[in-house]
Amino acid sequence: MKLFTVGPVEMFPDTLEISARQLPYFRTPEFSEIMLENETLFKKSICAPKNTRVVFLTASGTAAMEAAVINCFTTDDRLLVIQGGSFGKRFGEICKVHKIPFDEVKLSFGEQLTREKLESYKNKNYNGLLVNLHETSTGQLYDIDMLSKFCRQNDMYLIVDAIGAYGADEINFERYGIDELIVSSQKALALAPGAAIIAVSERLYRQRVISTDSGSLYLDFKQHIENIKRGQTPFTPAVGIFLGLNQRLKQMLCTGMKEISQDIHRLSCQFRQEVINLGFQVPEYPLSNALTPVVAAPHAERLYQRLREGYGMEVTPSGGELKEVLVRVGHLGNVRWEDYKELLRAMNEVKCGF
Ligand SMILES: *Cc1c(COP(=O)(O)O)cnc(C)c1O
């Protein structure tokens, strides 16, 4: 099965080789060394200043989203959530569970997040903005420059779930004054699912994290941040994934984060052009390089199934109201243009059968 998904994705040979090895014990100077290096390399990969704190969680991305919220905000705060799809909705659900008051900037499918749309939420005393930079359920990439300015002008902390954007779109923690940035292992890092990384700005750490009662043992940042000073985590980490992370970060930084996102950009542009030539539609809103949303209404589910069963090609199906509207074609991990040529051929054949 060839994966054109967004996570897990096709892994690289080096990752597969590392994951086949016996795991080491982790309370050792050797493993601490690797985690400290992971911290430094990760900060470099998102252009974060040296004093940025990094938390390594053994959990899926959603736990990291929840942790990012509960370690900084309480029921006394008011948050603004960009809700343009299922991941934005999830931020709202997290606030609800923890009884943190919030409002949503709601986008309907196909609608772009614009400055005008944000305007009506200014000067409303929100403490922070929660946004999935790439709303992976639709492929929309929000304008980080616009969101950053909005947060600065309205004195809000900027919390960015970059799980769907990291490694595919340009990320700059420092330039955009990001306060928390969330990444997880199974997307562009092309590692197994189960690990997440959160970068915390020095100001957020000092002003919020230190004094906030997270109400969680496992997800409490204070313990994690204290432990990582010596290259350790409070609980048993996903040892194998963090070893793979070390190799991937070195590899990615060696190639250059910018070069990587440019390569994926070229690949995605080429695919979009060809898929439109086949008669499919691609939405008009700004897109992440990480995936192409392909409008295949009312046959999206059937297209997904036929590609899977007839061709051994797995694209990403959609859920909820987009189930019959969209399939999402990922551009992450170990995939090349040759793979897309075959996918396009298969998509064309399936389409002719509708
Ligand atoms: C994949 C993804 C997540 C992570 O979800 P999990 O299934 O919990 O790993 C979160 N946010 C975005 C934007 C994503 O693309």
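Residues numbered from 1 in each chain as written. Predicted model: local features only at pLDDT ≥ 70, side-chain atom pairs only at ≥ 80, totals over all residues. Heavy atoms only, no water.

With that settled, the discussion passes to the overall build of the protein chain. Counting its secondary structure elements, the protein chain contains 12 helices and 13 strands. Principal axes of the C-alpha set define a box for the protein chain whose edges measure 60 × 55 × 35 Å. Counting across all 354 residues of the protein chain, residues that qualify as buried make up 57%. Partitioning the contacts of the protein chain with sequence separation of at least 6, the portion at a separation of at least 24 is 71%. When the accessible surface of the protein chain is summed, it comes to about 15,200 Å², and 50% of that surface belongs to carbon and sulfur atoms. Positive and negative side-chain charges in the protein chain, numbering 41 and 43 respectively, have mean positions lying 1 Å apart. (Helix = DSSP H or I, 4+ residues; strand = E, 2+ residues; numbered from the N terminus. Buried < 20%, exposed > 50% of the residue type's maximum accessible area, 1.4 Å probe, protein only. Contact = heavy atoms within 4.5 Å. Areas by Shrake-Rupley, 256 points an atom, 1.4 Å probe, with all protein chains shown as cover. Lys, Arg positive; Asp, Glu negative; His and termini not counted. Charge placed at Lys NZ, Arg CZ, Asp CG, Glu CD.)

Let us look at the site of the ligand. The ligand sits among 13 residues. The nearest are Ser60, Thr62, Thr136, Asp161 and Lys187. Contacts to the ligand include Thr136, whose side-chain N or O atom sits 2.5 Å from an oxygen atom. A distance of 2.6 Å is found between a nitrogen atom of the ligand and a side-chain nitrogen or oxygen belonging to Asp161. For the ligand, whose accessible area on its own is 390 Å², the fraction buried by protein is 87%. Among the elements of the structure, helix H3 (61-70) and helix H4 (86-97) are those that each provide at least two residues to the shell around the ligand. At 3 residues, H3 tops the list of elements feeding residues into the shell around the ligand. (Near = heavy atom within 4 Å. Polar contact = N/O pair within 3.5 Å; in protein donor to acceptor, adjacent residues only side chain to side chain.)

Under the counting rule described, the total for this entry stands at 9 aromatic pairs. Between the aromatic rings of Phe4 and Tyr340, the centroid separation amounts to 5.2 Å while the plane-to-plane angle is 65 degrees, which identifies the pairing as edge-to-face. Placement of the pair is Phe4 in strand E1 (residues 2-4) and Tyr340 in helix H12 (residues 337-352), with a sequence separation of 336 residues. Exposure remark for Phe4: the relative accessible area of 1% places this residue in the buried category. With centroids separated by 6.2 Å and ring planes inclined at 80 degrees, the aromatic side chains of Phe109 and Tyr285 adopt a geometry described as edge-to-face. One end of the pair, Phe109, is in the loop between strand E4 (102-106) and helix H5 (115-119); the other, Tyr285, is in the loop between helix H10 (257-277) and strand E11 (291-295), with 176 residues separating them in the sequence. (Phe/Tyr/Trp six-rings, centres within 6.5 Å; stacked < 30°, edge-to-face > 60°.)

With 17 residues, helix H2 (residues 29-45) extends 24 Å from end C-alpha to end C-alpha; this agrees with the ideal 24 Å at 1.5 Å per step. Close packing links the buried residues of H2 with strand E2 (53-58), strand E9 (180-184), strand E10 (195-200), helix H8 (221-228), helix H9 (239-255) and H10. Directly beyond the C-terminal end of H2, a positive phi value near 55 degrees is found at Cys47. (Expected span 1.5 Å × (residues − 1).)

Time to look at the nonpolar core. Counting 62 residues, the largest nonpolar core has Phe42 and Leu181 as the members making the most contacts within it. In this structure Leu181 touches Phe42, Ile46, Val160, Ala162, Ile171, Phe173, Ile197, Ile198 and Ala199, once residues within four positions along its chain are discounted. Of all hydrophobic cores here, the second largest spans 32 residues; its members include Ala68, Val69, Tyr157 and Val209. (Core = buried A, V, L, I, M, F, W, Y, C linked by side-chain atoms within 4.5 Å.)

Attention now moves to the environment of Phe26. Within the secondary structure layout, Phe26 lies in the loop between helix H1 (13-19) and H2. Judged by relative accessible area, which is 9%, Phe26 ranks as buried. Distance in space between the C-alpha atoms of Phe26 and Pro237 is 8.2 Å, their sequence separation being 211 residues. Beyond its immediate stretch of four places on either side in the chain, Phe26 contacts Phe31, Gln232, Phe235, Thr236, Pro237 and Val239.

The omega angle of the peptide bond from Gly7 to Pro8 is -5 degrees, so this bond is cis rather than trans. Following Ala297, the chain continues to Pro298 via a peptide bond in cis, the omega torsion being 0 degrees. Summarising the element assignment, Pro298 is placed in the loop between E11 and helix H11 (300-311). The residue Cys47 is not glycine, and still its phi comes out positive at about 55 degrees. As for its position among the elements, Cys47 is in the loop between H2 and E2.

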